[in-house]
Amino acid sequence: MLELHFTCPLHDMDFRSAQWSLDPDLKTITTPSGGKELHGNVHVPCPLCHQTHTYAPNELACPLQDPNTAQKLSSQSPDS
Ligand SMILES: [Zn+2]
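Okay, so let's go over this structure. (Residues numbered from 1 in each chain as written. Predicted model: local features only at pLDDT ≥ 70, side-chain atom pairs only at ≥ 80, totals over all residues.)

**Let's talk about the overall build of the protein**
Applicable threshold: Secondary structure elements are taken from DSSP: a helix is a run of H or I of four residues or more, a strand is a run of E of two residues or more, and numbering for both begins at the N terminus. Neighbour counting defines burial: a residue surrounded by 20 or more other C-beta atoms within 10 Å of its own C-beta is buried, one with 12 or fewer is exposed, and intermediate counts give partly exposed, using backbone-placed C-beta atoms. By definition, residues are in contact whenever their C-beta atoms, placed on the basis of the backbone, come within 7 Å of each other.
Along its length, the protein carries 0 helices and 7 strands. Put simply, the protein has 80 residues, and 5% of those count as buried. A fraction of 38% describes how many contacts in the protein between residues 6 or more apart in sequence connect residues 24 or more apart.

**Observations concerning unusual backbone geometry**
Even without a glycine there, the phi angle at Asp 12 is positive, about 55°. With respect to the element layout, Asp 12 can be found in the loop between β1 (4-8) and β2 (13-17). Look at Asp 12 and you get exposed, because 8 C-beta atoms sit within 10 Å. Positive phi, normally seen in glycine, also occurs at His 50, with a value near 60°. Structurally, His 50 can be placed in the loop between β6 (42-45) and β7 (52-55).

**Overview of the sheet that holds strand β3 (residues 21-22)**
Under the convention used in this document: Think of it this way: DSSP has to see at least two bridges between two strands before they count as a pair.
Strand order in the open sheet formed by 3 strands is β3-β6-β7, and the pairing between neighbours is antiparallel. Single-partner strands in this sheet number two, and they are β3 and β7. With 4 bridges connecting them, β6 and β7 associate as antiparallel partners. Bridge pairing in β7 places Val 44 opposite His 53.

In structure tokens, the structure reads:
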């Protein structure tokens, strides 16, 4: 299993885990802007607080997602 990077919301600390699991109904949809998004949740047992945390895929640095879709926040116009 691929190791992913998570943040524990209780301890506000990062951890890595390969023990995550996906919702069985996880699916990829195409957005109106032509990007791809994952719909469904990721569940991971937390080694810090020993609870299971649930994350939306867009909260993760998800390798399944096109990295270009995460970089639309800071588009600068060269004319301004
Ligand atoms: Zn935790």
